[in-house]
Amino acid sequence: MGRKMKDVLAKSIIYLATGITLCVLLFIVGFIFVKGISLVNWDFLTRDYNEKVFYAFVQEEVVPMTIDAASLSQKDPYDKRYESSLEGPIYIENIGAAVSKVAYKNNATEKEQFVFSYIEKDSPLLSATDSTGKKLSIGTDYILESINGTDFEGLSLEDVAAQINHETGELKIKVVQPGGGVRSNIITTLYMVLVSLLIALPLGIFGAIYLTEYAKPGRLVNIIRFAAECLAGIPSIIFGLFGMAFFVVALKFQISLLSGSLTVAIILLPVIIRSTEEALKTVPTAFREGSLALGATKLQTIFKVVLPCAVPGIATAVLLSIGRVVGESAALLFTAGTVAQIPGTLFSPGSTLTVQAYYVAKEEGNIELACAIGIVIIVIVIVLNILSRITSDKLNVFNKK
Amino acid sequence: MNKKIKFNTKNLDLYYGDFQALKSINLEIYEKEVTAFIGPSGCGKSTFLRCLNRMNDLIDSVKIEGEIIFEGQDINGDIDVINLRTRVGMVFQKPNPFPMSIYENIAYGPKCQGVKDKTQLDTLVKESLVKAALWEEVKDRLNKSALGLSGGQQQRLCIARAIAMQPEVILMDEPTSALDPIATAKIEDLMSKLKKDYTIIIVTHSMQQAGRISDKTAFFLMGEVVEFNETPVIFTNPADKRTEDYITGRFG
Ligand SMILES: Nc1ncnc2c1ncn2[C@@H]1O[C@H](COP(=O)(O)OP(=O)(O)O)[C@@H](O)[C@H]1O
Ligand SMILES: [Mg+2]
């Protein structure tokens with residue numbers, strides 16, 4: 001084989017490898033988007049994952065319909081992912097809203113139910129309250145289950161309409177807010193990022209300061225570096241197990257935001273120490289000498305001169321950390337739990353987006369939903385990336401001229 | 001002339017690990033004069049200068065023997081290093097303004113000493129900049145980053161920064177070696193003005209510069225002070241053959 005042939009062969013292998021890598025990447029991202037994008041909408045982002053059942057108290061009041069029948073029948077706000085139209089809509093005057101009967105599908109089960117498909121602007125439903133007088137919001141595609149104790153199950157849409165029109169005075173309506181959203185997971189993820197950074201950043205930065213500014217080079221420093229390096233290489237499931245054994249069980253923090261954050265903070269430490277150390281090392285000695293020669297103490301020098309110079313590097317650490325927290329699932333599964341709720345306190349559980357994606361894919365076999373969550377994760381990572389890049393540019397002392 | 005001695009060293013030896021960089025240095029530095037250190041590179045000028053404000057503390061391998069007496073006190077003994085450095089300021093070879101505003105650069109030292117009063121800081125900043133002949137050039141951009149200044153301006157800023165500490169001595173390690181001739185001239189000008197108020201010790205590789213600005217000159221060679229005398233004497237009538245060789249450019 002001639003030299004030229006070999007050359008061509010080598011070249012084509014290189015191109016092929018690059019091409020394959022690129023294709024795989026595009027395929028994955030494309031796959032996630034194609035599978036999930038139809039599910040991503042405002043409701044998906046703003047609703048909780050679980051349905052919420054509540055009783056609404058509404059003052060009956062006759063409100064005439066302001067749109068014509070044709071445009072009413074166009075209204076089908078219910079979620080086509082799960083629901084298909086059966087009957088209606090029928091406008092019900094004394095609550096100023098239209099109701100439809102739909103079939104709700106979830107995997108194999110199918111259930112008939114009544115949903116609000118249109119609500120008038122003056123509808124008394126919009127000023128509904130709970131039993132304590134707190135205002136409630138009722139929207140289209142909320143499910144209607146009973147009124148003043150009369151359950152709607154098995155009734156036809158006409159019967160339901162007649163039943164509602166028949167009631168007077170204060171109405172007690174059982175309403176279900178549909179679930180399927182990821183609001184709580186988004187908020188849990190942000191909490192997790194915040195709390196774990198609050199724990200890991202100071203520790204990591206002070207650790208890095210010790211290593212670069214104080215520690216005499218020698219055995220101890222090498223051991224610490226080696227330990228940090230090893231920590232970085234351990235798979236996160238191991239940290240998850242440790243977190244469960246130590247934070248959850250031994251320290252009795254329960255499966256909670258705190259346990260999860262602490263576990264993730266341990267995972268973040270090596271990253272933060274490493275990047276901060278690199279950043280501190282690039283700060284010119286001339287600045288340190290200049291500061292010390294002016295009679296500043298070592299501590300003043302570090303905090304007033306060296307650290308501000310290292311901000312871009314520390315920002316990189318924060319960036320990597322955010323990516324890591326948002327992407328972490330194995331370590332959180334055992335420590336923060338799979339409950340899709342907003343953790344009310346540090347000691348309540350909550351599932352982040354990645355854990356939720358795992359959960360819906362595994363427990364419910366709902367790949368589309370997992371992909372939709374995937375899209376949200378990708379977007380969040382990109383947004384946080386841009387944000388921290390902007391702030392690091394703003395804080396970069398060398399950029400100001 | 002009956003000037004006071006500011007610094008004197010007695011049999012000062014300095015080692016970097018096993019390497020002896022300074023050999024039995026005996027020097028007197030007089031108050032409110034410019035003392036220049038000349039000599040080929042690597043002969044220990046910077047090392048000696050950095051002994052005077054204990055900057056060599058930063059280097060772990062350094063070992064010092066002998067005495068450095070500053071105002072009657074051995075500074076290698078049990079003294080307050082911070083206090084020493086506020087009294088003995090330093091300007092480095094490469095201008096090293098901090099990446100902060102011009103104002104903050106000057107106010108940095110006083111703030112580290114606990115000066116908080118805004119008006120006091122304002123006057124200090126202005127006075128220092130005026131003394132460093134930089135005020136006119138920067139008075140409208142005090143809050144701009146010092147990194148936007150030219151090299152010569154940056155070096156004068158570093159001098160102003162040192163002056164803001166109201167030191168007694170200013171050490172300068174080849175302060176003009178990174179600057180162009182015009183900026184150099186400005187700094188030399190400045191030094192002749194500053195010597196009214198401060199004791200100035202300058203390391204320079206330029207004999208012309210030493211001749212122009214200094215009152216006394218010490219010639220260093222391989223860690224030793226070969227000759228120390230009034231500058232005109234060193235340049236016109238050196239006692240040592242090696243000094244003469246160096247002055248006349250026969251080596252170095
Ligand atoms: N940090 C250091 N560690 C070891 N040797 C050093 C160090 N700094 C300087 N030296 C050595 O000490 C000698 C004097 O250096 P220096 O004082 O910088 O010379 P000069 O300023 O006269 O050019 C040189 O031989 C140099 O290699
Ligand atoms: Mg030098």
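Since the structure is predicted, the reported quantities are computational estimates derived from the model, not experimental observations.

Participant: Lay out the interface of chain A and chain B with the relevant residues and their values.
Facilitator: The interface is formed by 21 residues belonging to chain A together with 28 residues belonging to chain B. Taking both sides of the interface into account, the surface hidden between chain A and chain B amounts to around 2,000 Å²; carbon and sulfur atoms contribute 67%. There are 1 salt bridge connecting chain A and chain B. Between Glu289(A) and Arg50(B) there is a salt bridge whose closest N-O contact spans 3.1 Å. Viewed at the interface, chain B and chain A are joined by 5 residue pairs in polar contact (both at pLDDT 80 or more). Put simply, the parts of the chain that give the side of chain A that touches chain B at least two residues each are helix H9 (285–293) and helix H10 (298–327) of chain A. Of all the elements, H9(A) adds the most residues to the side of chain A that touches chain B, at 7 residues.

Participant: Tell me about the confidence of the model for chain A, residues and numbers included.
Facilitator: Segments scoring low in pLDDT should not have their predicted coordinates read at a detailed level. In the predicted model, chain A carries a mean pLDDT of 85, and the fraction of residues at 70 or more is 96%. Of all the helices and strands in chain A, helix H3 (residues 69–74) of chain A carries the lowest mean pLDDT, 74, while H9(A) carries the highest, 94.

Participant: Any chance you could break down the packing of aromatic side chains for me, citing the residues and the numbers?
Facilitator: Applying the stated rule across the entire model yields 13 aromatic pairs over all chains. With a centroid separation of 5.3 Å and an interplanar angle of 15 degrees, the aromatic rings of Phe242(A) and Phe246(A) are classed as stacked. Residue Phe242(A) and its partner Phe246(A) are both found in helix H7 (residues 236–250); the two are separated by 4 residues, about one turn of the helix. Residue Phe242(A) is classed as partly exposed on the basis of its relative accessible area, which comes to 39%. The exposure class of Phe246(A) is partly exposed, given its relative accessible area of 36%. Ring geometry for Phe287(A) and Phe98(B): centres 6.4 Å apart, planes at 65 degrees, overall edge-to-face. Of this pair, Phe287(A) sits in helix H9 while Phe98(B) sits in the loop between strand E6 (88–91) and helix H3 (102–112), on two different chains. The same class applies to Phe287(A) as to Phe98(B), namely buried. Chaining the aromatic ring pairs together yields one cluster made of Phe242(A), Phe246(A) and Phe247(A). Here the basic side chain of Lys172(A) rests over the ring of Tyr55(A), its NZ or CZ set 4.7 Å away from the ring centre.

Participant: So, the UniProt feature "transmembrane region" (unreviewed entry) in chain A: which residues are in play, and what are the values?
Facilitator: Residues and elements named next belong to chain A. Following the UniProt record, the feature "transmembrane region" (unreviewed entry) maps to residues 12–34, 190–211, 223–248, 255–273, 302–322 and 367–387 here. Segment residues 190–211 splits into 100% helix and 0% strand. End C-alpha atoms: 30 Å apart. Taken as a whole, residues 367–387 contains 100% helix and 0% strand, while its terminal C-alpha atoms sit 30 Å from one another.

Participant: Could you give an account of the pattern of salt bridges, naming the residues involved and the relevant values?
Facilitator: On inspection of all chains with the given rule, the structure shows 28 salt bridges over all chains. Glu145(A) is the salt-bridge partner of Lys174(A), the closest N and O atoms lying 3.6 Å from each other. Here Lys174(A) is found in strand E7 (residues 170–177), whereas its partner Glu145(A) is found in strand E5 (residues 143–147), with 29 residues between them in sequence. Lys111(B) is paired through a salt bridge with Glu104(B); the nearest N and O atoms lie 2.9 Å apart. Judged by its relative accessible area of 28%, Glu104(B) is partly exposed.

Participant: Could you give an account of unusual backbone geometry, naming the residues involved and the relevant values?
Facilitator: Notably, Gln254(A) is not glycine yet its phi reads approximately 65 degrees, a positive angle. Considering the arrangement of structural elements, one finds Gln254(A) in the loop between H7 and helix H8 (257–281). The exposure class assigned to Gln254(A) is partly exposed, which follows from its relative accessible area of 48%. Positioned with a positive phi, Arg54(B) is a non-glycine residue whose angle comes to about 60 degrees.

Participant: Account for the packing of H8(A) against H10(A), with residues named and values stated.
Facilitator: Residue and element names in this part refer to chain A. At a minimum axis distance of 8 Å, the contact between H8 and H10 shows a crossing angle of 150 degrees. Classed by the angle they form, the pair H8 and H10 counts as roughly antiparallel. In terms of crossing hand, the pair formed by H8 and H10 is right-handed. Here H8 contributes Val264, Ile267, Leu268, Val271, Ile272, Ser275, Thr276, Ala279 and Leu280 to the contact with H10, which in turn contributes Val306, Leu307, Ala310, Gly313, Ile314, Ala317, Leu320, Ser321, Arg324 and Val325. Class assignment of the residues belonging to the contact of H8 with H10 gives a composition of 14 nonpolar, 4 polar and 1 charged.

So, how was this worked out
Residue numbers run consecutively from 1 along every chain, following the written order of its sequence. Lettering for chains starts from A, numbering for ligands starts from 1, and both go in the order in which the items are written. In keeping with the predicted nature of the model, local features appear solely for residues at pLDDT of at least 70, side-chain atom pairs appear and are counted solely at 80 or more, and the whole-chain, interface and lining totals rest on all residues. To get the side-chain values, take all heavy atoms of the structure and skip hydrogens and water. We call two residues in contact whenever any of their non-hydrogen atoms come within 4.5 Å of each other. Using a 1.4 Å probe, buried area is obtained as the accessible area two parts lose upon being combined, added over both of them. Salt-bridge detection follows one rule: a side-chain nitrogen of Lys or Arg within 4 Å of a carboxyl oxygen of Asp or Glu. Under the rule applied, a polar contact is a pair of N or O atoms within 3.5 Å (in protein, one hydrogen donor and one hydrogen acceptor; residues adjacent in sequence only if both atoms are side-chain atoms). Counting from the N terminus, the helices are DSSP H or I runs at least four residues long and the strands are E runs at least two residues long. pLDDT expresses, on a scale from 0 to 100, how confident the predictor is about each individual residue. When the centres of two rings from Phe, Tyr and Trp lie within 6.5 Å, Trp using its six-membered ring, the rings pair. Their planes under 30 degrees apart give stacked, over 60 give edge-to-face, and anything left gives tilted. Relative accessibility thresholds used throughout: buried, under 20% of the residue-type maximum; exposed, over 50%; partly exposed, between the two (1.4 Å probe, protein chains only). The rule for a charge over a ring is simple: NZ of Lys or CZ of Arg within 6 Å of the ring centre, and within 35 degrees of the ring normal. UniProt positions are given in the numbering used here, feature names are shortened, and annotations may be inferred rather than shown by experiment. Each axis is a line fitted through C-alpha atoms, taken for helices only over the stretch in contact, and angles between the N-to-C directions span 0 to 180 degrees. Note that the term roughly parallel is reserved for angles under 35 degrees, roughly antiparallel for angles over 145, roughly perpendicular for angles of 65 to 115, and oblique for everything else. Take the far helix as the reference: if the near one is turned anticlockwise from it by less than a right angle, the crossing is left-handed, and if turned clockwise, right-handed. Here the nonpolar group is Ala, Val, Leu, Ile, Met, Phe, Trp, Tyr, Cys and Pro; Asp, Glu, Lys and Arg are the charged ones; every other residue, Gly included, is treated as polar.

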